[in-house]
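# A closer look at the structure
Each chain, written out:
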Amino acid sequence: QVQLVESGGGLVQAGGSLRLSCVASGSFFSINVMAWYRQARAKQRELVATMPSGGSTNYADSVKGRFTISRDNAKNTVYLEMNSLKPEDTAVYYCNAHTTGDWGLQYNYWGQGTQVTVSS
């Protein structure tokens, strides 16, 4: 079992910045991919950014150039630095992790979500 604990959400004015953090704890051999998703009001959950262990990062077109995903493998932590925030970025942001456990089995975990609200 793996738990993902998020922090850093809040209210910010347009053009401002926030940094989200997500710490993974529990039983696993490795975290293969960490990612951030978001779900805005009346919309489906969408992928924001991914960062495989030792791999290249990927971003949604809507956030590319403004958001940066980073990862501290020693701390099992992933960050999302959000700059030049827009009201359209308002959503609940979710941390996601793909892990490898016993016998090479892979698992998928989600955080509880953290609210990011950008005022105009």
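Scroll up a little and you will see the structure.
Here's a quick rundown of the structure.

## As for the sheet that holds strand β8 (residues 77-82)
Spatially, β1-β3-β8-β7 is the arrangement adopted by the 4 strands of the open sheet, whose pairing is antiparallel. The open sheet has two free edges, formed respectively by β1 (2-7) and β7 (67-72), since each of these has just one partner strand. Direction aside, the axes of adjacent strands within the sheet are offset by 15 degrees on average.

## What to know about the state of the cysteines
According to the stated counting rule, one finds 1 disulfide in the structure shown. The disulfide partner of C22 is C95, and the S-S distance across this bridge is 2.1 Å. Here C22 and C95 share a disulfide; its torsion about the S-S bond, -85 degrees, makes the bridge left-handed. With C22 in strand β3 (residues 18-26) and C95 in strand β9 (residues 91-100), this residue pair connects regions lying 73 residues apart in the sequence. With relative accessibility at 0%, the residue C22 sits in the buried group. When its relative accessible area of 0% is taken as the criterion, C95 is described as buried.

What counts, and where the lines are drawn
- Residues numbered from 1 in each chain as written.
- Predicted model: local features only at pLDDT ≥ 70, side-chain atom pairs only at ≥ 80, totals over all residues.
- Heavy atoms only, no water.
- Pairing = 2+ DSSP bridges.
- Helix = DSSP H or I, 4+ residues; strand = E, 2+ residues; numbered from the N terminus.
- Axes fitted to C-alpha atoms, helices over the stretch in contact; angles between N-to-C directions.
- Disulfide = S-S within 2.5 Å.
- Buried < 20%, exposed > 50% of the residue type's maximum accessible area, 1.4 Å probe, protein only.

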